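Below, each chain spelled out in residue letters.
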Number of protein chains: 2
Amino acid sequence: MERVFVDINNLKEFTSDVFQKLGVKKEFADITADVLVSADRRGIGSHGVQRLKRYVNDIKNGRILPNNGPQILKETPVSLLVDGQAGLGQVIGYLTMEKVIEKAKKSGMCFATVKNSNHYGIAAYYSMMAIPHNFIGISLTNAAPLVMPTFGKDMVFGTNPLSIAVPTENETPFVLDMATSTVPRGKLEVYRRMGKKIPKTWATDEHGNPTDDPDRVLKNLLERKGGGLLPLGGAEEEDGSHKGYGLAVVVDILSGILSGGAYGLYVYKEKHPNVCHFFGAINPEIFIPLEELKKNMDDYIRMLKNAPKRAGKDRIYIHGEKEYEKEQEHKEKVSVLKVVYEEMLNIAKEAGCEVELKVIG
Amino acid sequence: MERVFVDINNLKEFTSDVFQKLGVKKEFADITADVLVSADRRGIGSHGVQRLKRYVNDIKNGRILPNNGPQILKETPVSLLVDGQAGLGQVIGYLTMEKVIEKAKKSGMCFATVKNSNHYGIAAYYSMMAIPHNFIGISLTNAAPLVMPTFGKDMVFGTNPLSIAVPTENETPFVLDMATSTVPRGKLEVYRRMGKKIPKTWATDEHGNPTDDPDRVLKNLLERKGGGLLPLGGAEEEDGSHKGYGLAVVVDILSGILSGGAYGLYVYKEKHPNVCHFFGAINPEIFIPLEELKKNMDDYIRMLKNAPKRAGKDRIYIHGEKEYEKEQEHKEKVSVLKVVYEEMLNIAKEAGCEVELKVIG
């Protein structure tokens, strides 16, 4: 599909202006724009500006109350219980993680559980906020139900991603960011667009049986006819399906249950979606000197990269490496789908946006 | 294969006596026996008394220094850095987790990273220690290299399991305990014994290609000819292989790197195996009232169990449920393989053991 290039700063200003024209205060609009454009820069277009329309709609219909920030309900030197007050997930995530890092500076570590938020974009944005502080960062979120438990037929919980970021010396920081389903829904949309069949580990038909037909799955999901995405490990216990399922439940417990928010089928059930997150920051120096951690991270990464490859493969990747390379490639400009670009122009026109989004290639 | 039943208390006393006759102090021998017999009771024979011979050998050859306990090297109100001093993994694990829980009572949470320990048995033993205190328990460990990174040909890291236990009201506690490989090695041994082929998501041949031949994999592992176990998600990125791989690396970072101990290929490389663990306990009441957590855990568990099943399945399992049912079934007696029973009698005879292990059925 056709793509167009836009300047990073122009895209950020434009996106922020769209939010501001919808009444979002500049600070919050800027944060949200930065999280979205970061996803595009890291090559994760499914979580980038292509989602702008959904956020705009959710602000218009009152699901998102975009000027609400995180409210601290309970606090200890190492913990925060936060009410997202139906604010923008990106704003709630960013401001909560900032506070988590601030507290970890004093107490060595801090964890926050957040209820009543919204879709927060890429999980890694928040875990990576710990890296410049030389902390280990953690970010989890629950999500709208799309995934079934092992032996189930219908979706009960979300793709519930988890991310952990760890600083390094000279190597690219380790940044794991993974849905606990085999793939997120966006992957099925890509395969449908290409007219490709999907692997049998991804999703099931309306009877709960693995299928290779992405169109059938996506239509069933839309019409709530049953079936959905499979946990990491696929459909069968012998392939480890119960492990992906278990990890998804852990994410729901730490974000949804521990915060007193929504979990499982309750997420996206009421007017406010009540998406819940969990954040953490650990100062490694409460255990070992930072230099030792960084040196050993580099050493481990090289051990993995230099390990013998199987036939036909010339590279072993480290988590976050592909995304880091994309980010470097997209320091100044990034491409978006032409259809997304055109949709954005329409959104802007409707909102009375003053910043022009220019195609530069 | 033929099995014999033995009394639980008899088996514990017998196992402890074997260790004591090898010079292990009673307290440590009792802890180790309890961890091993717990695995048998929970239906995880691969981690039960069938491993006695390996522990006995490692004590005899000096790999394990069984009277060494955990030494605290560094401490904050919420953290512990522990040197296992090459002690028994079970003793280091148990005593460290006790200390973690004690500190969590004061500080709301505590995490410990442990270097220079040994194989500690089932990860869930330690996470579950938090349950009677109404805390969330966490237990991770690295292990001898057996698993390859995605696109790799040879093993670089261990099956690196992770366990998390969460209290409930009336339902069985949620206890996830999973290797981050698709299966642990023991599963291949079981299939070989039965003459069965293995799924292609489990292991690779010496060229790094998925194979269905368990004998070939196990021989290659023994002779270090290449190949090994696959991460959760199998061999390909499209099935999520990089996710299992990433989780294994996270376990190695939190246990091996954060403790200043061994990771990846360094585990089991020197005379002392330098196996590393990570433990945690979180008091949920620093976030929400305990009653609310327990009530919502029960509700979520019922939501999962009552979800529609796919054709041919009449039950959705919760993590820890199968093991809990086995444990209830094995309150008084447990079965072990006849060959294991006979091996144990030989070990006992050689050690000059005074407790007789009686077959009761």
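These numbers come from a predicted model, not from an experiment. (Residues numbered from 1 in each chain as written. Chains lettered and ligands numbered in written order. Predicted model: local features only at pLDDT ≥ 70, side-chain atom pairs only at ≥ 80, totals over all residues. Heavy atoms only, no water.)

## So, the nonpolar core
- If you look at the biggest cluster of nonpolar residues, it comprises 112 residues, and the most contacted ones within it are Met109, Phe174 and Leu188 of chain A together with Met109, Phe174 and Leu188 of chain B.
- Beyond its immediate stretch of four places on either side in the chain, Phe174 of chain A contacts Ile164, Ala165, Val166, Thr168, Met297, Ile318 and His319 of chain A together with Gly246, Val249, Val250 and Ile253 of chain B. (Core = buried A, V, L, I, M, F, W, Y, C linked by side-chain atoms within 4.5 Å. Buried < 20%, exposed > 50% of the residue type's maximum accessible area, 1.4 Å probe, protein only. Contact = heavy atoms within 4.5 Å.)

## Remarks on the sheet that holds strand S2 (residues 71-76) of chain A
- Across the sheet, 7 strands lie side by side as S2-S3-S4-S10-S5-S6-S7 (chain A); this open sheet has mixed pairing. Strands at the two margins of the open sheet, each flanked by one partner only, are S2 and strand S7 (174-178) of chain A. Between one strand axis and the next, the sheet turns by 10° as a mean value, whatever way the strands run.
- In the sheet, strand S3 (residues 79-83) of chain A pairs with strand S4 (residues 109-117) of chain A via 5 bridges, with the strands oriented parallel. Paired with Leu80 of chain A across the strands is Ala112 of chain A, a residue of S4 of chain A.
- Those strands touched by helix H8 (residues 241-257) of chain A are S4, strand S5 (136-141), strand S6 (162-166), S7 and strand S10 (275-282) of chain A, and its axis lies near 90° from that of S10 of chain A.
- Sheet strands touched by helix H8 (residues 241-257) of chain B: S6 and S7 of chain A. Its angle to S7 of chain A, the strand with the most contacts, is close to 135°. (Pairing = 2+ DSSP bridges. Helix = DSSP H or I, 4+ residues; strand = E, 2+ residues; numbered from the N terminus. Axes fitted to C-alpha atoms, helices over the stretch in contact; angles between N-to-C directions.)

## Structural notes on the pattern of salt bridges
All names here are of chain A.
- According to the stated counting rule, one finds 48 salt bridges over all chains in the structure shown.
- A salt bridge links Lys21 to Asp17; the nearest nitrogen and oxygen atoms lie 2.9 Å apart. With a gap of 4 residues between them, Lys21 and Asp17 both fall in helix H1 (residues 8-21), about one helical turn apart.
- What makes Asp17 buried here is its relative accessible area of 8%.
- With a shortest N-O distance of 2.8 Å, Glu321 and Lys305 are connected by a salt bridge. With Glu321 in helix H10 (residues 321-329) and Lys305 in helix H9 (residues 290-305), this pair connects stretches of sequence that are 16 residues apart.
- Bridged by salt links that share partners, the residues Glu171, Arg302, Lys305, Arg315, Glu321 and Glu325 form one connected network. (Salt bridge = Lys/Arg side-chain N within 4 Å of Asp/Glu carboxyl O.)

## Some thoughts on the relation of the copies chain A and chain B
- When chain A is fitted to chain B, the best match, at an RMSD of 0.0 Å, comes from turning it 180° and sliding it 0.0 Å along the axis. As the rotation angle and translation indicate, the two copies are arranged about a two-fold axis. Distance from the rotation axis, computed per C-alpha, reaches its smallest value in chain A at Gly233 of chain A: 2.6 Å.
- Interface overlap between copies is the fraction of interface residues in one copy that are interface residues in the other; for chain A against chain B it reaches 100%, indicating a shared surface. (Least-squares fit on C-alpha atoms with pLDDT ≥ 70 in both.)

## What to know about the side chain of Asn116 of chain B
Residues and elements named next belong to chain B.
- Looking at where Asn116 falls in the secondary structure, it is placed in strand S4 (residues 109-117).
- By relative accessible area, which is 19% here, Asn116 ends up buried.
- Within the local environment of Asn116, its side chain forms a polar contact with the side chain of Asp83, the two groups lying 3.4 Å apart.
- If we ignore the near neighbours within four places in the chain, the residues touching Asn116 are Asp83, Gly84, Gln85, Ala86, Gly87, His272, Asn274, Val275 and Cys276. (Polar contact = N/O pair within 3.5 Å; in protein donor to acceptor, adjacent residues only side chain to side chain.)

## Comments concerning the pairing of strand S11 (residues 333-337) of chain A
All names here are of chain A.
- For S11, the tally of buried residues reaches 4 of 5 residues, placing the bulk of the element in the interior.
- One ladder, built from 5 bridges, connects strand S1 (residues 3-7) with S11; its direction is antiparallel. By the bridge assignment for S11, Arg3 is matched with Leu337.

## Section: the domain arrangement of chain A
Residue and element names in this part refer to chain A.
- Looking at chain A, the domain boundaries give domain 1 (3-182 + 230-288 + 322-360) and domain 2 (185-229).
- In this assembly, 15 residues from domain 1 lie in contact with 17 residues from domain 2.
- Between domain 1 and domain 2, a total of about 1,200 Å² is buried, with carbon and sulfur atoms accounting for 60% of that surface.
- Looking at the side of domain 1 facing domain 2, the largest losses of area belong to Leu146, Met155 and Leu230, adding up to 42% of the total buried there.
- The tally of links from domain 1 across to domain 2 stands at 0 salt bridges.
- Remark: the boundary between domain 1 and domain 2 carries 7 residue pairs in polar contact (both at pLDDT 80 or more).
- Looking at the side of domain 1 that touches domain 2 residue by residue, the class counts come to 8 nonpolar, 5 polar and 2 charged. (Domains from an automatic or database assignment. Buried area = accessible area lost by both parts, 1.4 Å probe. Nonpolar A, V, L, I, M, F, W, Y, C, P; charged D, E, K, R; others polar.)

## Details of H1 of chain A
All names here are of chain A.
- For H1, spanning 14 residues, the distance from its first C-alpha to its last is 20 Å, which sits close to the expected 20 Å at 1.5 Å a residue.
- Within H1 the residues assigned to the buried category are Ile8, Asn10, Leu11, Phe14, Thr15, Ser16, Asp17, Val18 and Phe19.
- Summarising the contacts, the buried residues of H1 are in contact with S1, helix H2 (26-41), helix H3 (52-60), S11 and helix H11 (338-351).
- Positive backbone phi, approximately 100°, marks Gly23, located one or two places after H1. (Expected span 1.5 Å × (residues − 1).)

## Regarding the packing of helix H1 (residues 8-21) of chain B against helix H3 (residues 52-60) of chain B
Residue and element names in this part refer to chain B.
- Running from N to C, H1 and H3 point in directions that differ by 15°, and their axes come no closer than 11 Å. Taken together, the axes of H1 and H3 lie roughly parallel to each other. Between H1 and H3 lies a crossing whose hand is right-handed. On the side of H1, the interface is formed by Thr15, Val18 and Phe19, while H3 contributes Leu52, Tyr55, Val56 and Ile59.
- By residue class, the composition of the contact of H1 with H3 is 6 nonpolar, 1 polar and no charged. (Parallel < 35°, antiparallel > 145°, perpendicular 65-115°, else oblique. Left-handed = near helix turned anticlockwise from the far one by under 90°.)

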